[in-house]
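Breakdown of the fold
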Amino acid sequence: MKTPAAPSRSTIDLRELTPARVGLGRAGASVPTKALLEFTLDHARARDAVHAAFDLPAIIAGLNDLGLAAHAVSSRVRDRTDYLRRPDLGRTLDPMSQHLLSSHAGRASQLAIVVGDGLSARAVHAHAIELVRSLIPRLAAERIEIGHAVVASGARVALGDEIGAILRVRMMVMLIGERPGLSAPDSLGAYLTFAPRSGLTDAERNCVSNIHGSGLGYDEAASKVAWLVREGLARKVTGVALKDESGGGAPRRVITNLSRPDETAT
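All of the points below concern the structure found in this document.

Calculation criteria
- Residues numbered from 1 in each chain as written.
- Predicted model: local features only at pLDDT ≥ 70, side-chain atom pairs only at ≥ 80, totals over all residues.
- Heavy atoms only, no water.
- Salt bridge = Lys/Arg side-chain N within 4 Å of Asp/Glu carboxyl O.
- Helix = DSSP H or I, 4+ residues; strand = E, 2+ residues; numbered from the N terminus.
- Buried < 20%, exposed > 50% of the residue type's maximum accessible area, 1.4 Å probe, protein only.
- Phe/Tyr/Trp six-rings, centres within 6.5 Å; stacked < 30°, edge-to-face > 60°.
- Lys NZ or Arg CZ within 6 Å of the ring centre and 35° of its normal.
- Pairing = 2+ DSSP bridges.
- Right-handed = clockwise from strand over helix to strand, strands pointing away.
- Axes fitted to C-alpha atoms, helices over the stretch in contact; angles between N-to-C directions.
- Contact = heavy atoms within 4.5 Å.

**Topic: the pattern of salt bridges**
All told, the structure shown has 12 salt bridges when counted by the stated rule. Where Asp-161 meets Arg-205, a salt bridge forms, and the shortest distance between an N and an O atom there is 2.8 Å. Of this pair, Asp-161 sits in helix α7 (residues 159–167) while Arg-205 sits in strand β6 (residues 205–211); the two residues are 44 residues apart in sequence, bridging distant segments of the chain. As far as the burial class goes, Asp-161 and Arg-205 line up, both buried. With a shortest N-O distance of 2.7 Å, Arg-205 and Asp-202 are connected by a salt bridge.

Structure follows, in structure tokens:
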């Protein structure tokens, strides 16, 4: 049996700067057993995150504790298999949810926050409430009122468009679990849409992405979201026409506009 080749000093230094799989070494024509086992474990964690159950009552309770009376809604998907095979069903509310939101629409408001499970309920459980906690005082400082809070199961990003249209909000912020990666199974994304309505494309949204323990922190993410909300309302636009000019420290990865649909999220 061949002894695995030891990584060089420069490779070790590089691995300290990134969770990416670099400098794994080799054992003959393959990778060392340790690297293979770590890959298998991370792959299993990513799959588990996709199929994890969404604890909707816990998210509602967390929002209620922050002073936001949240409504629970569902898309048209029947189960997780349906969700993965039929992305279109995750973009439309079921009839009962449509009726519920219509009955609570009231007058038009500035902003609604939707928390959806997306492709990683684990990300939502870990980060959504803390992000909202950091976001609330920043919005209050800009005199932006959160008119509605909604928790959506079986949700794709575009489900927020129908929710926002029914509630007659000017701006929609959708917090949703992103596709789990091998180094980050719990990454949360925040999607912002001005004048939400069915049929919009991702080119008309902004996204602050990669919010998790080893990625973008709550305070920085909340500052960017609040800035985009304020400027989106003032300029009456989101998407490719609204660039993030909030300043501050450079995040590890932030997507501030999307020019093509993300089939894994929307």
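Read on for the rest.
**What to know about the packing of aromatic side chains**
Under the defined criterion, the tally for this structure stands at 0 aromatic pairs. The ring centre of Tyr-83 lies 4.3 Å from the NZ or CZ of Arg-80, which sits over that ring. One residue, Arg-156, lies across the ring of Tyr-83, its end atom 4.1 Å from the ring centre.

**Section: the pairing of strand β3 (residues 146–153)**
Most of β3 is tucked away: 7 of the 8 residues are buried. Across 5 bridges, strand β1 (residues 70–74) lies against β3 in parallel orientation. Paired with Val-73 across the bridge in β3 is Ala-152. Of the pairings in the sheet, the one linking strand β2 (residues 109–116) to β3 comprises 6 bridges and is parallel in character. Across the sheet, Ile-113 pairs through a bridge with Ala-149, a residue of β3. Crossover handedness for the path β2 to helix α6 (residues 121–141) to β3: right-handed.

**What to know about the sheet that holds strand β4 (residues 169–177)**
Ordered in space as β1-β3-β2-β4-β5-β6, the 6 strands form an open sheet in which the pairing is mixed. Only two strands of the sheet have a single neighbouring strand rather than two, namely β1 and β6. Taking each pair of neighbouring strands and ignoring which way they run, the sheet shows an average axis angle of 20°. Bridging between β2 and β4 involves 7 bridges; their strand directions are parallel. Looking at the pairing, Val-115 lines up with Leu-175 of β4. Contacts from helix α3 (residues 56–65) reach β1, β2 and β3 within the one sheet, and its direction differs from that of β3 by about 165°. Those strands touched by α6 are β2, β3, β4, β5 (188–194) and β6, and its axis lies near 150° from that of β4.

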